[in-house]
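# Coordinates in review
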Amino acid sequence: MTDAPRHGRYENLALSEAEHFLEHGWLKVPNTIEPEYITSWMSDLWVRLGFDPEDKSTWTSEYYHMPHHRQVRAELVAPRAWGKIVDICGGEQRIDPERERWIGDNFIINFGTQERAQSDPTDDVPLHDKEGFHCDNDWYRMFLDSSSTALTLVYCFTDIPPRGGGTILCEDGIEGVVKHLYDHPEGLDPPHELEDLCTHVKTCKRFTTVEAKKGDVFILHGLLPHSNNYNYLHYARVITNPHVNLREPYNLNRPDGDYSLLEQVILRNLGRDSIPEFKPTRERKFWYSRNITFKLNRVEGELERMIAAAKARGLGPKDVDSLYLRGEEAVEEFKRTNGLLLPVNEATGLHTEQHPA
Ligand SMILES: [Fe+2]
């Protein structure tokens, strides 16, 4: 891929890419996941699931979140994407060095259904009517300047053709999100209902649906409303959805004007050059992510199937690549880097079942 000329302040981002991110709130980086991770992590997907790839009657869930067994530093998994992420964030020094700084095999699979595959494309649900638009924000008190989910990333481990269940992005939905957050300096606590942030999506006009080749990465501003779309093709669409977290809240009042692209998106959507008056009126809070529990509940079953599959090939548990078989230290590192040492939010409890999206 040939990049357009870079702007002086960016090391890895072409000027056209910076402009695209500002204008649309997202950026596609084609063919950037190192093939070795796609090959190795996808190799035991069906063993972990316990489904038969050739028999769709065994695909018992339309939508399916899996836990991690491996995680690798983000710059190793998709180096070119990482370079652009760093530029969008305004430099690596602004990025949290631990939380979600790894990319893993915690796949999200959209299988679709036979019924959807047999439906007429003219009956597809219009994008703005799709349920479930949201921002990824289930583990912190959310303010306009919160940078805990600075970026939502979509790592594509399979091709995603048209009508193949690619994520829907609501580009003109950012404006309503930032206005709502500006009007609520007290912050929003999880669980976030649709009416918190994304009711306006129904009246939005600019939607993009993710279409991809395996190996592509999409970089989404954390305040870009998005939703899963139906997979009308009834195949296993596989992605992961990690995030980038910053060390400090956004600074929306930089006298030198040196705003990151993340901050510029917020200012632009509020029609402002700076927002000196914005101050959170409550303390910042962070909790254990309520959405992770039901995925962790799947670890044991997956491990059993991975070990049984190894045994069938004359191998033992030591040959199974899982952080859960590498001792307490590996498990602790996983917990630390995924927010699992934070307190549980008593007000929301934990999700113990697969949610629909
Ligand atoms: Fe999401």
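Residues numbered from 1 in each chain as written. Predicted model: local features only at pLDDT ≥ 70, side-chain atom pairs only at ≥ 80, totals over all residues.

### Notes on the overall build of the chain
Just so we agree on the cut-off: Here a strand is any run of E in DSSP of at least two residues, a helix any run of H or I of at least four, and the numbering for each starts at the N terminus. Note on method: radius of gyration uses C-alpha positions; expected globular size equals 2.2 Å times residues raised to 0.38. As a rule, residues whose C-beta atom has 12 or fewer other C-beta atoms within 10 Å are exposed, those with 20 or more are buried, and those in between are partly exposed; C-beta atoms are placed from the backbone. Throughout, a pair of residues is in contact if the C-beta atoms placed from their backbones lie within 7 Å.
Broken down by element type, the chain carries 12 helices and 12 strands. Computed over C-alpha atoms, the radius of gyration of the chain comes to 20 Å, within 12% of the 21 Å expected from 2.2 N^0.38 for 357 residues, which places it in the range of a compact globule. Projected onto the principal axes, the alpha-carbon positions of the chain cover approximately 65 × 50 × 50 Å. By the burial criterion, 39% of the 357 residues in the chain qualify as buried. The contacts in the chain between residues at least 6 apart in sequence include a share of 86% that link residues at least 24 apart.

### As for the pairing of strand β6 (residues 151–156)
The side chains of a regular strand alternate between the sheet's two faces. To be explicit about the condition: Paired strands, in this sense, are two strands between which DSSP finds at least two bridges.
Burial analysis of β6 places six of its six residues in the buried class, which makes it a mostly covered element. When β6 meets strand β9 (residues 217–221), the two strands line up antiparallel, connected through five bridges. Each residue of the ladder has a partner; that of L153, found in β9, is I219. Sheet topology note: the β6/strand β12 (residues 243–244) ladder contains two bridges and is antiparallel. Counterpart to T152 in the pairing with β12 is H243. As judged from the two bridges shared by β6 and strand β11 (residues 237–240), these two strands associate in the antiparallel manner. Looking at the pairing, Y155 lines up with T240 of β11.

### With respect to the sheet that holds strand β7 (residues 168–170)
Across the sheet, which stays open at both edges, the three strands sit in the order β8-β7-β10 with antiparallel pairing between neighbours. A single partner strand is all that each edge strand has here, and the edge strands are β8 (207–209) and β10 (226–227). Judged from the two bridges that link them, β7 and β10 form a sheet pairing that is antiparallel. Within β10, the position partnered with I168 by the bridge is S227.

### Some points on the environment of G222
With respect to the element layout, G222 can be found in the loop between β9 and β10. The class for G222 is buried, based on 25 C-beta atoms found within 10 Å. Between the C-alpha atom of G222 and that of I168, which follows or precedes it by 54 residues, the distance is 14 Å. Apart from residues lying up to four places away in sequence, G222 is in contact with C135, D136, T149, A150, L151 and T152.

### Let's talk about the environment of V47
Structurally, V47 is set in helix α3 (residues 45–49). V47 gets classed as partly exposed once you count the C-beta atoms within 10 Å, which come to 17. For the pair V47 and T352, spaced 305 residues apart in sequence, the C-alpha separation works out to 22 Å. Sequence-distant contacts of V47, that is, excluding residues within four places in its chain, are made with R305, M306 and A309.

### Some points on the packing of helix α7 (residues 174–182) against helix α9 (residues 261–270)
Convention followed: A fitted line through C-alpha atoms represents every axis, and for helices the fit uses only the stretch in contact; the resulting angles, taken between N-to-C directions, go from 0 to 180 degrees. For classification purposes, angles smaller than 35 degrees are called roughly parallel, those larger than 145 roughly antiparallel, those between 65 and 115 roughly perpendicular, and all remaining angles oblique. Polar here means any residue outside two lists: the nonpolar Ala, Val, Leu, Ile, Met, Phe, Trp, Tyr, Cys and Pro, and the charged Asp, Glu, Lys and Arg; Gly therefore counts as polar.
It is at 9 Å that the axes of α7 and α9 come closest, and there the two elements cross at 85°. One element, α7, and the other, α9, form an angle in the roughly perpendicular class. In this structure, α7 contributes I174, E175, V178, K179 and Y182 to the contact, and α9 contributes V265, I266, N269 and L270. Looking at the contact of α7 with α9 residue by residue, the class counts come to six nonpolar, one polar and two charged.

### Details of the domain arrangement of the chain
Under the convention used in this document: All the domain ranges listed were derived from an automatic or database domain assignment.
With domains assigned, the chain is organised as domain 1 (15–270) and domain 2 (295–337). Look at where the C-alpha atoms of domain 1 and domain 2 centre, and you get two points 27 Å apart. Its residues placed into classes, the side of domain 1 that touches domain 2 shows four nonpolar, six polar and six charged.

### Section: unusual backbone geometry
The linkage connecting P190 with the following residue, P191, adopts the cis geometry, with an omega of 5°. Relative to the assigned elements, P191 resides in the loop between α7 and α8 (194–197). Phi is positive for E100, close to 55°, though the residue is something other than glycine. One can find E100 in the loop between α5 (79–89) and β4 (102–104). Residue E100 is classed as buried on the basis of its 21 C-beta neighbours within 10 Å.

### Structural notes on the environment of D256
Examined against the element boundaries, D256 turns out to sit in the loop between β12 and α9. According to the C-beta neighbour criterion, D256 is exposed, with 5 such atoms within 10 Å. Taking the C-alpha atoms as reference points, D256 and A117, separated by 139 residues in sequence, lie 54 Å from one another.

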